[in-house]
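Notes for the structure review
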Amino acid sequence: MLAVIRDLNDWKDLGLQLGLLYPTLTDIETYRRGKPSECRIDMLSAWLQQQDNVSQKGVPSWSVLRAALQSMGEHETADRIHSN
């Protein structure tokens, strides 16, 4: 999963699209001192653990991740998920 979104810079927006709350994402960024690769890992971990409002967006799955990426305009990344 991480390999597919490795190049995604806006990990916070993805986290919001997946149902994580802004304070959670800010805590991740503060804890990881802004290191994007580590922030992405922690954000995905929080999503997979269904923190915050994740369940309202759907149980974590490839299709939910793909839909979130598409809603952000990240069609190429979403298509890579679909092709895998």
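Residues numbered from 1 in each chain as written. Predicted model: local features only at pLDDT ≥ 70, side-chain atom pairs only at ≥ 80, totals over all residues. Heavy atoms only, no water.

Some remarks on the overall build of the protein chain
When helices and strands are tallied, the protein chain shows six helices and zero strands. When the helices and strands of the protein chain are placed in sequence order, the string is α-α-α-α-α-α. Counting all 84 residues of the protein chain, 37% fall into the buried class. Within the protein chain, contacts between residues separated by at least 24 positions form 58% of all contacts whose residues are at least 6 apart in sequence. Counting only carbon and sulfur atoms, one obtains 47% of the accessible surface of the protein chain, whose full area is about 5,000 Å². (Helix = DSSP H or I, 4+ residues; strand = E, 2+ residues; numbered from the N terminus. Buried < 20%, exposed > 50% of the residue type's maximum accessible area, 1.4 Å probe, protein only. Contact = heavy atoms within 4.5 Å. Areas by Shrake-Rupley, 256 points an atom, 1.4 Å probe, with all protein chains shown as cover.)

Topic: helix H2 (residues 22-31)
Those residues of H2 that sit buried are Thr24, Leu25 and Ile28. Angularly, the buried residues of H2 cover 95 degrees about the axis, an arc narrow enough to put them on a single face. Relative to its buried face, H2 has exposed residues pointing more than 90 degrees away, namely Pro23, Asp27 and Thr30. In this structure, the buried residues of H2 make contact with helix H1 (11-17) and helix H3 (36-48). Two residues or fewer after H2 comes Arg33, characterised by a positive phi angle close to 55 degrees. (Arc of directions from axis to C-beta.)

A look at the packing of H2 against H3
Axis separation between H2 and H3 bottoms out at 9 Å; the angle between their running directions is 140 degrees. Handedness of the H2/H3 crossing: right-handed. On the side of H2, the interface is formed by Leu25, Ile28, Glu29 and Tyr31, while H3 contributes Cys39, Asp42 and Met43. Of the residues that constitute the contact of H2 with H3, the class distribution is five nonpolar, no polar and two charged. (Axes fitted to C-alpha atoms, helices over the stretch in contact; angles between N-to-C directions. Left-handed = near helix turned anticlockwise from the far one by under 90°. Nonpolar A, V, L, I, M, F, W, Y, C, P; charged D, E, K, R; others polar.)

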